[in-house]
Amino acid sequence: MRLLSRILSPRLEATAHCDLPCGVYDPAQARIEAESVKAIQEKYQSSEDSEYRTRAIMIAEQRSELVKHHLWVLWTDYFKPPHFEKYPQLHELVNKATKAAGAAGTKGSMDPAKGQELLDYIAEIDKIFWETKKG
């Protein structure tokens, strides 16, 4: 049975945004998660309950990871070389946004100002995204 499992198990595992290239992309997915993070940060600040605060940290970290995932999907699957040529700041902008959702940002801080910084980066990406959809 073990031999059969080894033979039939996949040699390469791949993950994707969806099972088929659907072509449906939108920075709103990242924005919604980032809005959730900021709201959690604000509620964390107004709570004295240690159990609530621990849970808030865990959820904010999870949501921050989802923000990074959605931004990476846009960066790797949606944006193409012509977009990067027209918007040369896009690479750095996505890098800053994903870092703002990482350990030095919302994943590692319960400061709502970090949440707002992330939302500001996503708003810039959103503007570029919709400009690329026009043309």
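As named in an unreviewed UniProt entry, the protein is Nickel superoxide dismutase, taken from Haloactinomyces albus.

(A) How the structure looks around the overall build of the protein. In terms of regular secondary structure, the protein is built from 6 helices and 0 strands. Along the protein, from the amino end to the carboxyl end, the secondary structure elements read α-α-α-α-α-α. Here the protein holds 135 residues, and 36% of them are scored as buried. Considering only intrachain contacts with a sequence separation of at least 6, the fraction spanning at least 24 residues in the protein is 72%.

(B) Structural view of helix H2 (residues 28–45). The end-to-end C-alpha distance of H2, which contains 18 residues, comes to 26 Å, matching closely the 26 Å that a straight helix rising 1.5 Å per residue would cover. Contacts made by the buried residues of H2 are with helix H3 (50–78) and helix H6 (112–134).

(C) Inspection of H6 at higher detail. For H6, built from 23 residues, the straight-helix expectation of 33 Å at 1.5 Å per residue is met to within 8% by its first-to-last C-alpha distance of 33 Å. Inspection of H6 places Pro112, Gly115, Leu118, Leu119, Tyr121, Ile122, Ile125, Ile128, Phe129 and Thr132 among the buried residues, and these make up the whole buried set. Tucked into the core, H6 has its buried residues touching H2, H3, helix H4 (81–86) and helix H5 (90–100). Two or three places before alanine 113, at the opening of H6, aspartate 111 has a side-chain oxygen 2.9 Å from that residue's backbone nitrogen.

(D) Examining the side chain of threonine 132 more closely. Summarising the element assignment, threonine 132 is placed in helix H6. Looking at threonine 132, its side chain comes within polar contact range of the side chain of tyrosine 78, at 2.6 Å. Engagement of the side chain of threonine 132 in a polar contact is seen with the backbone oxygen of phenylalanine 129, the distance being 2.5 Å. Discounting chain neighbours no more than four positions away, the residues touching threonine 132 are Tyr78, Phe79, His83 and Tyr87.

(E) A look at the packing of H5 against H6. Put simply, H5 and H6 touch, their axes get as near as 9 Å, and they point 150° apart. By the criterion of interaxial angle, the relationship of H5 to H6 is roughly antiparallel. Considering the relative orientation of H5 and H6, their crossing is left-handed. Mapping the contact onto sequence places Leu90, Leu93, Val94, Lys96, Ala97 and Ala100 in H5 and Glu117, Leu118, Tyr121, Glu124, Ile125 and Ile128 in H6. Broken down by class, the residue content of the contact of H5 with H6 amounts to 9 nonpolar, no polar and 3 charged.

(F) Looking closely at the packing of H2 against H3. Viewed as axis vectors pointing N to C, H2 and H3 meet at an angle of 160°, and their least axial separation amounts to 8 Å. Regarding the angle of H2 to H3, the classification is roughly antiparallel. The handedness of the crossing between H2 and H3 is left-handed. Counted together, Gln29, Ala30, Glu33, Ala34, Ser36, Val37, Ile40, Lys43 and Tyr44 of H2 and Tyr52, Arg53, Ala56, Ile57, Ile59, Ala60, Arg63, Ser64, Leu66, Val67, His70 and Leu71 of H3 form the full contact between these two elements. When its residues are assigned to classes, the contact of H2 with H3 shows 13 nonpolar, 4 polar and 4 charged.

Rules of the game
Residues numbered from 1 in each chain as written. Predicted model: local features only at pLDDT ≥ 70, side-chain atom pairs only at ≥ 80, totals over all residues. Heavy atoms only, no water. Helix = DSSP H or I, 4+ residues; strand = E, 2+ residues; numbered from the N terminus. Buried < 20%, exposed > 50% of the residue type's maximum accessible area, 1.4 Å probe, protein only. Contact = heavy atoms within 4.5 Å. Expected span 1.5 Å × (residues − 1). Polar contact = N/O pair within 3.5 Å; in protein donor to acceptor, adjacent residues only side chain to side chain. Axes fitted to C-alpha atoms, helices over the stretch in contact; angles between N-to-C directions. Parallel < 35°, antiparallel > 145°, perpendicular 65-115°, else oblique. Left-handed = near helix turned anticlockwise from the far one by under 90°. Nonpolar A, V, L, I, M, F, W, Y, C, P; charged D, E, K, R; others polar.

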